Each structure stands twice: as C-alpha cells, then as structure tokens.
Amino acid sequence: MSFFQYKALKGMQDILPPDIYLWQKVETAAREVFSLYGFQEIRPPVVESTNVFTRSIGENTDIVEKEMYTFTDKGDRSISLRPEGTASVVRCYVEKNLHTLPSPQKFYYAGPMFRYERPQSGRFRQFYQIGVEAFGDAGPRIDAEVISMLRHCLLRIGLKDITFNVNSIGCPECRPAYREKLTEFFAGGLDSLCPDCNRRQHTNPLRILDCKVDRCVDMRKGAPRVTDYLCNGCRTHFNGLLSFLELLGISCTVNPDMVRGLDYYTRTTFEVTSENLGAQNAVAAGGRYDRLVDEFGGPETPAIGFAMGMERIIELLRNSASHDFPAPDVFIAVIGDLAAREGLVIADRLRGKGFWVELGDVGNSLKSQMRRADRLSSKYVFIIGDDELNSGRLKWKKLSDSSQGEVSMFEITDFLLKQSS
RNA sequence: GUGAGCGUAGUUCAAUGGUUAGAGCACUGGAUUGUGGUUCCAGUUGUUGGGGGUUCGAGUCCCCUCGCUCACCCCA
C-alpha cells in the first residue's frame, strides 16, 4: 500500500466485471420490456440549469436544499448535476414541443444521478436509474399499464419477493384539506411524537405517517387517511386504477401511509420494495405528476412515470441465483515462438468469424497456460507446438469433459461451428 | 448534518502490551519430456490507514486525523 492513493470519490463506485454483466442484463431486460409498451429512449443531459430542479422537485425538499451538486460555470450560470430524471425529461418535453406529437408520448431514460448524501447500503452519491415517463394521458388505464410494465420488467430481470404498494395522495384540490385534518389530528399529541416528527408537523405532516419510531407508530393509529379525503376526481381515478390492476391480476397493496418525497406528485403514487435490502429498500418508485408540464411553461399535460434504482436491483440479483458469465470460446496455448506466431494468426482468423479467442503467453509453461484457460472457463483449448506446426493439425481439448483430438488448421472454423451446434 | 462499528499482504482474516507480524485464497515455478480442475512442494507480497502520546517495549492502550461500513435524516 503506497502513501498516496488515487481513490474514487466517496459514494462513487467503479462497476467491474463480473458485476457489469448483471448491469447489462438489467438494462437489456428493461429496454426489451419497455419497447413492448411503446416507450422510446431519450437521453437528456446530465447537467441542467439549477432551476430546472429547484422548481420541479420543490424548493423545500432535502434534495434541493442540501443534496444537489451545484456549480457555477465559467459564464457565471448556476448549473447542477441531475439528482433525478423526471425534471430533465419534462424540460425536454416542453422545450422541444413534444406535445405537438400524437399523445400519449412515452419515453424512457437510463443513466447516472447525483445526490450529495452520506452513503449507506443501497445509497450512493452517484447512482443509476432507469426511468420512464408517459405524457398526455389523464386516465387511470395508463397508470395501470405503467405499473404492469414495471412488474413485467422486474419479473423479466428475475426478481422475486418484491412487494407492490399503491396510494393516491390527491391533487391540489383535495390534499390541502387532508393535510389540515392530519395536522389537527397530531396537534394534540406533539409531546408524544419524536423530535423529527415534531419538525415534520410543520414541514410535511404526511411524513409522520412514514416514521419508524415506535411511539409515533402508536400515535398515528386512527389518523385520517388520504384515501378517505380524495375529491371526486381523484377518487374516481384511484378506483379506476385499482379495478384495472385487479383486471390485470396485479397484486398490489393499497398503502395510505406511503408518502413520496418529491413535491410534484399528484394522485397515483406507487413503490416496489424488497425485504432483502437494507434500510433503503425501495427498488422502484413513481407516480403521477399532472401539473409539472404546465409549471415548466408547457400546455397542461397529465403525466406519470417511475424510476428503478439500478444498484439495488443489482444487489438483489447478485444474491439470488447463480449467473452465467461470458467465457472464451477458445484458448490457444502455444509452445515456442513459431507456434506463438501461428496462434496469433489463428486467433485473428477465428475472431473474424465471431469467436471469442484468448491467447496463452508463450513465456509460460503449458501447464500454466492450461490453468489459465480453465480459470477463464474457456470452452476449448487449442494446443500448438512443434509437432502441430509440422503436421498442420493442432490438438484440441474440451475442458468440460476433457475430451480431446486433432483437427487440421484449415478446418478449425468448421470444427467449432459443428461443436457448438 | 447526527450516531455507532471497523481500518493488518492484491484479497479474506489471525497475532494474552513482549523475539524477525502469520495463514488461506490468488499469482509464478515444479512433482518423469507438451495437458486444466482435486492433491503435494517451493517462491513472491507488508512504513499494521496517517500523526502524536503512555510504556523498558504498541498491530494491541489513549488522543487527533483520514478512510470504510451500517443506521438516523432523506430517498431509487
């Protein structure tokens, strides 16, 4: 260990093989499933004007108040690394007048997000999300489709033991009244609530419903429930969603205590959690945001979306099944400099035919080259030495069953094609 | 931002305050000439995170600092 070391920044990690294959698997599964529902990829920038985020996420949220990576650029503009994806997509939707295209417009994105937080299990300063957004459909059917898509995606990835929660947090018409009811309910018992909840009473009373402290859990028994205070529009929408979910056979718990952090959500919110994660147990979460496009200066446009937390999905995947990682088709072991030259030529030819070929180091013994071939889980080893150069026939060995034989150097491709078929 | 735990070889971990800080894994070579996985032998690897203090003597005790981990807060 040397005195000074370059290290990745706190909360930022290198993603390496073999993990990277899990990442690719998840990304591929998501793309495939999303495309079945007509969602198309877009790639907004990772950096935006700071106010893109402050306006949408909410001035008073922790994300905006203390978690954003905000800089001043050389033109004295305040810019920020995106802490989440929706704001950028909405900005893009409005800026590029995408509402002029036939509705609904459905997009997905994938990439890194940045929040300056203390890292812990399942939480990082640079973390990856895959998210989707559907614009221009106000009805509950699209909500059900989006939730169904999320479910299909997670199933395709292979996640088990996950729980779906849904809720409706109302709209600007009915939520204020509910919020007031809730504040009244807790007002009498502030002494019994934890310090955090006393603060929440003023900042965001809905969060008290989410508190883990025992006495707060006791206190909120009998508290008014959002779902009992929805206006007619929100109630109809929520009932519609629930009936569609039932129609699709998606088991989903209605959880009136589920609160979402971002200010822009209206009506439907949902969350997928897993018991097999740490305290940060949300695998994916999302909801409807019917006012956001309007707030960005676009036409009133209903919208709904969700984001999946890549690291958390990978964590679950890593600990569940065993995984097959890619391995070389052929390892060429070489003995002597002439054989090494021939091996290089053969490797080049085979790679041109689409085979993954690894070359042994002529400086190492055959035993060591064989060992390396085995460690790489190579399917075949080809051995080239003086004998093979003279005869024009190389030795092959199949590592899985130790079978071996000879093949003409001119028939290697056919040999491999025949073996793999 | 708050709290707790932990920093020893590339890695996983040992070492009652007492010689020259050890072992597994990994890596390289070998065990009848050119054959992997299991076995055996040999070799390579360290300012014990950094700094200060206590002590005849510190990997071990104390203080500071840096880093990692988990939890709170918040959130994917």
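Since we're looking at a predicted model, the values are computed, not measured. (Residues numbered from 1 in each chain as written. Chains lettered and ligands numbered in written order. Predicted model: local features only at pLDDT ≥ 70, side-chain atom pairs only at ≥ 80, totals over all residues. Heavy atoms only, no water.)

## Section: the domain arrangement of chain A
For clarity, the threshold we go by: What fixes the domain bounds is an automatic or database domain assignment.
Domain boundaries assigned for chain A yield domain 1 (19–168 + 252–319) and domain 2 (330–420). Domain 1 and domain 2 are separated by 48 Å when their C-alpha centres are compared.

## Some words on the sheet that holds strand 13 (residues 357–359)
Note the following rule: We call two strands paired when DSSP finds no fewer than two bridges between them. Going along the chain from the N terminus, every DSSP run of H or I of four or more residues is numbered as a helix, and every run of E of two or more is numbered as a strand. Only the contacting stretch of a helix is used when fitting its axis, a line to C-alpha atoms as for every element, and angles between N-to-C directions run 0 to 180 degrees.
If you walk across this open sheet you meet the five strands as 13-12-14-15-16, and the pairing is mixed. The open sheet terminates on both sides in strands that have one partner only, identified here as strand 13 and strand 16 (404–408). Recorded for the sheet is a direction-independent mean angle of 25° between the axes of neighbouring strands. Bridge count for strand 14 (residues 380–384) against strand 15 (residues 393–398) is four bridges, and the pairing is antiparallel. Bridged to I383 within strand 15 is K395.

## What about unusual backbone geometry?
Here the amide bond leading from P17 into P18 is cis, since omega sits at 5°, within 30 degrees of zero. With respect to the helices and strands, P18 occurs in the segment before helix 1 (19–36). The omega torsion across S103 and P104 is -5°, close enough to zero to call that bond cis. Here P104 is to be found in the loop between helix 4 (86–95) and strand 5 (105–114). Here the phi dihedral of S377 falls at roughly 60°; this positive angle occurs in a residue that is not glycine.

## Examining the pattern of salt bridges
Pairs can form between side chains of opposite charge once their charged atoms are near each other. Worth spelling out the cut-off: One speaks of a salt bridge when a side-chain nitrogen belonging to Lys or Arg is within 4 Å of a carboxyl oxygen belonging to Asp or Glu. Each residue's exposure class comes from its accessible area (1.4 Å probe, protein chains only) as a fraction of the maximum for that residue type: buried when under 20%, exposed when over 50%, partly exposed otherwise.
If you walk through the whole model with that rule in mind, you get 23 salt bridges. The residue E32 makes a salt bridge to R156 at a minimum N-O spacing of 2.4 Å. On the criterion of sequence distance, the pair formed by E32 in helix 1 and R156 in helix 5 (residues 140–157) is long-range, its members being 124 residues apart. By relative accessible area, which is 41% here, R156 ends up partly exposed. The residue E117 makes a salt bridge to R123 at a minimum N-O spacing of 3.5 Å. By sharing partners, the salt bridges in this structure join E48, R91, E95 and K96 into a single network.

## Remarks on the sheet that holds strand 4 (residues 78–81)
The test is simple: By definition in these notes, contact holds between two residues if any of their heavy atoms fall within 4.5 Å.
Across the sheet, which stays open at both edges, the three strands sit in the order 2-4-3 with antiparallel pairing between neighbours. One side of each edge strand has no neighbouring strand; the edge strands of this open sheet are strand 2 (47–49) and strand 3 (70–72). In this sheet, neighbouring strand axes are inclined to one another by 35° on average, regardless of whether the strands run parallel or antiparallel. In this sheet, strand 4 lies alongside strand 2 in antiparallel orientation, the contact comprising three bridges. Within strand 4, the residue paired with S49 across the bridge is I79. Sheet strands in contact with helix 2 (residues 50–57) are strand 2, strand 3 and strand 4, and its direction is about 75° off that of strand 2.

## Quick word on the nonpolar core
What counts is decided by this rule: The nonpolar core is taken to be a set of buried Ala, Val, Leu, Ile, Met, Phe, Trp, Tyr and Cys residues, with the residues joined through side-chain atoms within 4.5 Å.
In terms of nonpolar packing, the biggest core is built from 47 residues, with F34, F39, L150, L154, I157, F306 and M308 touching the most fellow members. The residues contacting L150, other than those within four sequence positions of it, are F164, F270, V272, A284, F306 and M308. Counting 30 residues, the second-largest nonpolar core is a separate cluster that includes I42, M68, F135 and L292.

## Describing the packing of aromatic side chains
Our working rule: Stacked, edge-to-face and tilted are the three classes for Phe, Tyr and Trp ring pairs, Trp counted by its six-membered ring, which pair at centre distances within 6.5 Å; planes under 30 degrees apart are stacked, over 60 edge-to-face, the rest tilted.
Inspection of every chain in the model, using the stated rule, returns 18 aromatic pairs. Look at Y380 and W396: their rings are 6.2 Å apart centre to centre, the planes differ by 70°, and that puts the pair in the edge-to-face class. You can see Y380 sitting in strand 14 and its partner W396 sitting in strand 15, a full 16 residues away along the chain. Residue W396 is classed as buried on the basis of its relative accessible area, which comes to 13%.

## Side note on the environment of A321
Locating A321 in the fold gives a position in the loop between helix 11 (310–319) and strand 12 (330–334). Residues A321 and V293, 28 residues apart in the sequence, show an inter-C-alpha distance of 42 Å.

## Re the environment of V334
Take V334: it is sitting in strand 12. Those residues in contact with V334 that lie beyond four places of it in its chain are A339, A340, G343, G360, V362, Q369 and I384.

## Overview of helix 6 (residues 175–187)
Formally: A helix is expected to span 1.5 Å for every residue after the first. In this description, one arc is meant: the one made by directions from the helix axis to the C-beta atoms.
Over its 13 residues, helix 6 extends 18 Å from the first C-alpha to the last, a length consistent with the 18 Å expected when each residue adds 1.5 Å. Turning to helix 6, its buried residues number three or more, namely R175, Y178, L182 and F186. Take helix 6 and look down its axis: the buried residues cluster within an arc of 70°, on one side only. Opposite its buried face, helix 6 presents the exposed residues E180 and E184, each directed more than 90 degrees away.

## Considerations on the side chain of T227
Of note, T227 is situated in the loop between helix 8 (214–219) and helix 9 (232–247). The exposure class assigned to T227 is buried, which follows from its relative accessible area of 8%. Residue contacts for T227: discarding those within four places in its chain leaves N167, S168, R235, F238 and P256.

## Considerations on the state of the cysteines
Put simply, the test is: Any pair of cysteine sulfurs within 2.5 Å is marked as a disulfide.
Tallied over the full model, the rule gives zero disulfides. In this structure C174 is a free cysteine whose sulfur lies 3.7 Å from that of C231, the closest cysteine sulfur available. Cysteine C211 is unpaired, with the sulfur of C197 as its nearest cysteine sulfur at 3.5 Å. Looking at C211, the relative accessible area reads 7%, which means it is buried.

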